Amino acid sequence: MVGEDRLPGDPVPEAQPAGGSPGPQPDAPPVLEAVGVGKRFGAVVALDAVDLRLRPGQVHALVGENGAGKSTLALMLAGALRPDSGQILLDGAGGVLPNRGAAIAAGIGLVPQALSLIGELTLVENHLLSLAASGMRRRSRADARRQVAHAAALAEVELPIDRRTRDLAFAQRQLGEVVLALAQGARVLLLDEPTAAAGPVEADHLLGRVRALADAGTSVVLVTHRLDEVARVADEVTVLRAGHRVHHGRAGALGPHQLAELMVGERAADEAMPGARTGNERARQGGSALDTRARAPVRLRAQGLSAAANGGPGLHDVSLAVAGGEVLGVAGVAGSGQRVLAETLVGLCRPARGTVTVDGADVTGAPAAAVTRGVAYVPDDRADGVVETHSLADNAVVLRAGAPELTRAGLRLRRPAEAFARAVFARFGVHPPEPDLPAAALSGGNRQKLMVGRELASRLAVVVAHGPTQGLDVAAAAVLRRELRAAADAGAAVVLISTDLDEVLSLADRVMVLVGGRLVDEVPGADIDLARLGRAMAGLA
Amino acid sequence: MTPRVPRGLPATRVLRAVRALRGTVPVWVVVGAAVAAGAVLLLAVGADPVVGYREIVLGAVGDRYHLGETVVRAVPVAVVALGVVPALRARVFTIGSEGQLAMGALASTVAVLALGTLPAPLLLAVGALAGVAGGALWALPAALLRGYARVNEILSTLLLNYVAGFGLLWLLRTALREPGTLTTPSSADLPEAGRIPTLLPGTRLHWGVVLVLVAAAGLAWWVRSPRGFALDVYGTHPALAARMGVRPAGAVVSTMLVGGAAAGLAGWVQVAGVQGRLYPSVAGGLGFTGLVVALLGGLRPAGVLGVALIFGALATGAEGLQVGTGVPASLATVVQALLLGGVALSAAASHRRLRRGAGERPG
Amino acid sequence: MKLLTLAFWEVVLAGSVRLAVPLALAALGETLVERSGILNLGVEGMMIMGALAGVWAAVGGGSWAGVAAGAAVGALLGALMALAVVGGGANQVVIGVALTLLGTGLASFLFQAWIPSGRQGVGVSPVPVVRVPGLADLPLVGPALFAQNLLMYGTLALVPALAWMLRRSRFGLAVRAVGDDPAAAALRGVATARVRTLTLVAGGALAGVAGAAITVGYLGSFTDGVTAGRGFVAVAIVIIGNWTPLGALAGALLFAFCDSLALHAQSGGVVLPVEAWSALPYLVTLAVLVVTSRRRRAPRALGV
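These notes cover the structure that comes with them. (Residues numbered from 1 in each chain as written. Chains lettered and ligands numbered in written order. Predicted model: local features only at pLDDT ≥ 70, side-chain atom pairs only at ≥ 80, totals over all residues. Heavy atoms only, no water.)

### Re the packing of aromatic side chains
Argument step 1. Tallied over the full model, the rule gives seven aromatic pairs over all chains.
Argument step 2. Relative to C:Trp9, the ring of C:Phe8 lies with its centre 5.3 Å away and its plane at 80 degrees, an arrangement referred to as edge-to-face.
Argument step 3. Among the residues examined, C:Phe8 registers a relative accessible area of 0% and is labelled buried.
Argument step 4. C:Trp9 sits in the partly exposed class, given a relative accessible area of 26%.
Argument step 5. Taken together, B:Tyr162, B:Phe166, C:Phe255 and C:Tyr282 form an aromatic cluster joined through their ring pairs.
Argument step 6. Lying across the ring of B:Tyr234, B:Arg91 places its NZ or CZ 5.9 Å from the centre.
Argument step 7. The aromatic ring of C:Tyr218 is capped on one face by C:Arg18, whose charged end is 5.8 Å from the ring centroid. (Phe/Tyr/Trp six-rings, centres within 6.5 Å; stacked < 30°, edge-to-face > 60°. Buried < 20%, exposed > 50% of the residue type's maximum accessible area, 1.4 Å probe, protein only. Lys NZ or Arg CZ within 6 Å of the ring centre and 35° of its normal.)

Next comes the structure, spelled out in structure tokens:
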């Protein structure tokens, strides 16, 4: 038990590994349990009377689409969020975990989706922080260091634990979070989308570690929207849909397709699995069309781009060419230079060397010129593209505010702007469709739709989309993908940059892999081989 | 690589907080609280609050002269405030109006005294232009530093305020000094032709009021123009604004120059319209007050005008209070501070209400 | 007094150290606050209220009562800011400006009510000076370093203490975490609101003591505007000092040196006019701000 304050590795009276007996025990009493929990945010019901039982030494997968309530449930199990109704039981007892600190002391580790490491501090210092916050007996730095080192050994990972976590690679930070959770003596691990931004190789490695930890006695809740992971690594699975539990059972009982159906209801099960279209299928479908596209004139050309970036690899001699009507997918693990690439392509970043041309015109480092030439940009952080304090109408016309049809005598006109905005709302399903509302009143998903809608509203030459479907539920993501495809079919050159391989594969005619700021490997859509891509993304040729 | 702008930039939040002022019912609660606090202070120094507030009201609008004084007080503050709104909307937090006002006053005094033989309309124009130039030029170093060297403008403009103050003092003590003014050096009186004519006989109210109305109209137009919109966006989303055609250095320099020009113009108004000669105390807190008025006025022309009048009334009223009851006039400053703080709090409350409605949740 | 005599520089250096104390105290407090991710522009208001409170309490209770009063008033104002910004979520810059305005206005108001102009001013005996025997007679640096009041020695001791606290203590770790990434810190179990409230109260207290250090420390009386913008200079010093306690001390010494030089060069009748000397500290601060703008590492949550 964690409360005893012994160092991991100290000799113990009973010969028992930390956290209980190894192997899944289907009949053992649950170690962590949610009973009838409910939660509202404003008018939105996030969870409604949901149950989840985590048994010792098990990996319990929690699946659902974006907005189904998975993260909310995980945060409640971790004590970081209080349920409005229902209870969280620990070892069958006690009502509600008062706060995160108490949960940490009770051995519940959380690896949130947005990593919670403090960049300025080292792994050891992050650990010290959590220890202090959970009110455990004072530990010296040396003790804390030993705990972290031991936990790393337990998880069989090698990490630099005395470097500022800001300076670590993304995969190292992710593993670091898991190690820190273990160092706090966690016997329960709540992992929220741990493989979301990892390539196939890293994901494999991580999931292997998770399985090994479970076999050694740690209980794991694995929140994911990757249905193939369920069968690979989980013992049990719970499916959430719109805040309700729609299924619970053994992991191997249902196949990915059936799980997808449960996740989204019967319609659109196909869209829930965009990556399921194999390379061969794509080739069959788009074979001849591909040839035509390949011969269309190049609309976006980048030559020899090199740029420095603070806190990232930057770009090293990147060149690419995209023809009208073609979708180029750029895959890569997080932190490979995607942001710099996207920003350089649309002119926001001026590279140290190299040029970017659109239809032959140089737009290097000239974002306004790029817009005039018909370049649309969907940034990966929607906060960058939506001005919260301004109205929806303002946000919709932001890139064309000076156009003659929207101004008179140097002043902006209201009515035409509103009309334009309403058209965008209708086409992309932005809700609520009130032009006068401040953008702050929209949910995240609707803001994303607004931003994408505004960018794709007119006839375009180039579209650069960086993670465009993140945070969108399946239906909205499908709409978006259709619109991107439509933009390409209308003649635009589309660049789709994403850490989500499924997203890339769902649309790309051609895939390049970005590793450490360099473009390695280029695979035509017909020959997409996941294994090869995965190796390229991990930097293994 | 565009700088990754953290969402929490201080001036970003100024804009957000101030925007949310629109339609906040609790503002009347804030005003009430400030009035109550003023009453408490009056009691604390042994004065009767009712008598005190009556003196304030009389002092502000009691008769024609005092009403004129209220507006006279409000004019330079309004000019400064209107001028600093574009910069604040672009999250350029310049607080150098104090020094820019002083330099504008200095430049216009020198110009008018030097060209004192010109006829009235010309001399007035000279004074106004010199004021604008003086203020804008004093804003230029800080503007360039912020635009090209990323030096925080809050500190650079602030430090330059003090330098301006000392510079003014030096020149008044030496080159400009009117013989016979030793303890508080001042310049010679401006020639009659260089003084702004009185608007309302029996008061000190001068035609400078027209300037305020013109400036307010100009600001109203600018706020609804595409360029104004773009600079607004620049305040919180520089990358998006770049795609709209805003170049960062240009935005910073132009808005700070406008603020400096306005402050310099207000300096000329102080000398040519109110005091008649240049004193070292010409700025007298007007720069800082202008900033506060701009914030409280919601960064919009109508709001700024309204708040400027209120502050003018408070200041004049408090002077009347001091004359009448001996209670120090700095009561007005305290009330102004409480108003500012209270409004900021109520804006935060309504912003929270707004975000909660949107349902930002983990998903 | 000729410019190049030893006596001249001795006096200037001694004055530098003495004048640096209020600046350093305020800058140390602001360093702590900014490390936790809050920009406190209310330092000027806290300082001047501390200056007034110091004199007022010292009249009846002696100089140390004055220092304590300064600390108390400053802490109160810091708590007020915490309530508004941390508790109420109000904009920190606007509240800081409001607090400065409040402090200056209230100090002026209360002082005039206490001692209406025309009445004879109030004087208090300042904090006692301690001469270290022997060392105080060292040439050039003797009087500067070893014949100062106790506040100066206290400030000097505070610098390494604060540095150690930030680097090695639990609270310092929490402060640095909150200043870097408040959301992640909260997930790690840190009570971010409590940490920021504590730094604001401590920073306010130090600003209050800084104000008292001017009036009760060496001036012996209060006048309107006695702080003359030192609070804002302290904020600049924090930036120049790269958000470290040692940097804050260095910046304070730099400004105070120019200040002291200005004071004594005037009486020496040196070439430049009086006002140029007065402007010198501000100009030098600005110059250093510009020159050091490259290599800065601000706490990320600060957003400057």
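Here the narrative resumes, following the displayed structure.
### Some words on the sheet that holds strand 11 (residues 315-323) of chain A
Residue and element names in this part refer to chain A.
Argument step 1. Read across the open sheet, the four strands follow the order 11-10-13-14; overall the sheet is antiparallel. Strand pairing shows two members of the sheet lacking a second neighbour, strand 11 and strand 14 (361-362), which therefore form its edges.
Argument step 2. One ladder, built from two bridges, connects strand 13 (residues 353-358) with strand 14; its direction is antiparallel. Looking at the pairing, Val358 lines up with Ala361 of strand 14. (Pairing = 2+ DSSP bridges. Helix = DSSP H or I, 4+ residues; strand = E, 2+ residues; numbered from the N terminus.)

### Notes on a nonpolar patch on the surface
Residue and element names in this part refer to chain B.
Argument step 1. Together, Leu199, Leu200, Trp207, Val210 and Val214 line one region of the surface with nonpolar side chains, adding up to about 410 Å² of accessible area.
Argument step 2. Mapped onto the elements of the fold, Trp207 is located in the loop between helix 7 (153-173) and helix 8 (208-223).
Argument step 3. What makes Trp207 partly exposed here is its relative accessible area of 44%. (Patch = residues over 30% accessible without salt bridge, like charges linked within 9 Å, V, L, I, M, F, W, Y side chains within 5 Å. Areas by Shrake-Rupley, 256 points an atom, 1.4 Å probe, with all protein chains shown as cover. Salt bridge = Lys/Arg side-chain N within 4 Å of Asp/Glu carboxyl O.)

### A closer look at the pattern of salt bridges
Argument step 1. Evaluated as defined, the whole model comprises 40 salt bridges over all chains.
Argument step 2. A:Glu33 is the partner of A:Arg53 in a salt bridge, and the nearest nitrogen-oxygen pair spans 3.0 Å. Highlighted residues: A:Arg53 in strand 2 (residues 44-54) and A:Glu33 in strand 1 (residues 32-41), separated in sequence by 20 residues.
Argument step 3. With a relative accessible area of 30%, A:Arg53 lands in the partly exposed category.
Argument step 4. In this structure, B:Glu319 engages B:Arg73 in a salt bridge whose closest nitrogen and oxygen atoms are separated by 3.1 Å. Residue B:Glu319 is found in helix 13 (residues 301-325), and its partner B:Arg73 is found in helix 4 (residues 64-89); the two are separated by 246 residues along the sequence.
Argument step 5. A residue is classified by how much of its surface remains accessible, and B:Arg73, at 29% relative accessible area, is partly exposed.
Argument step 6. Each of A:Glu120, A:Arg164, A:Arg166, A:Asp167, C:Asp180 and C:Arg300 takes part in one network of salt bridges that share partners.

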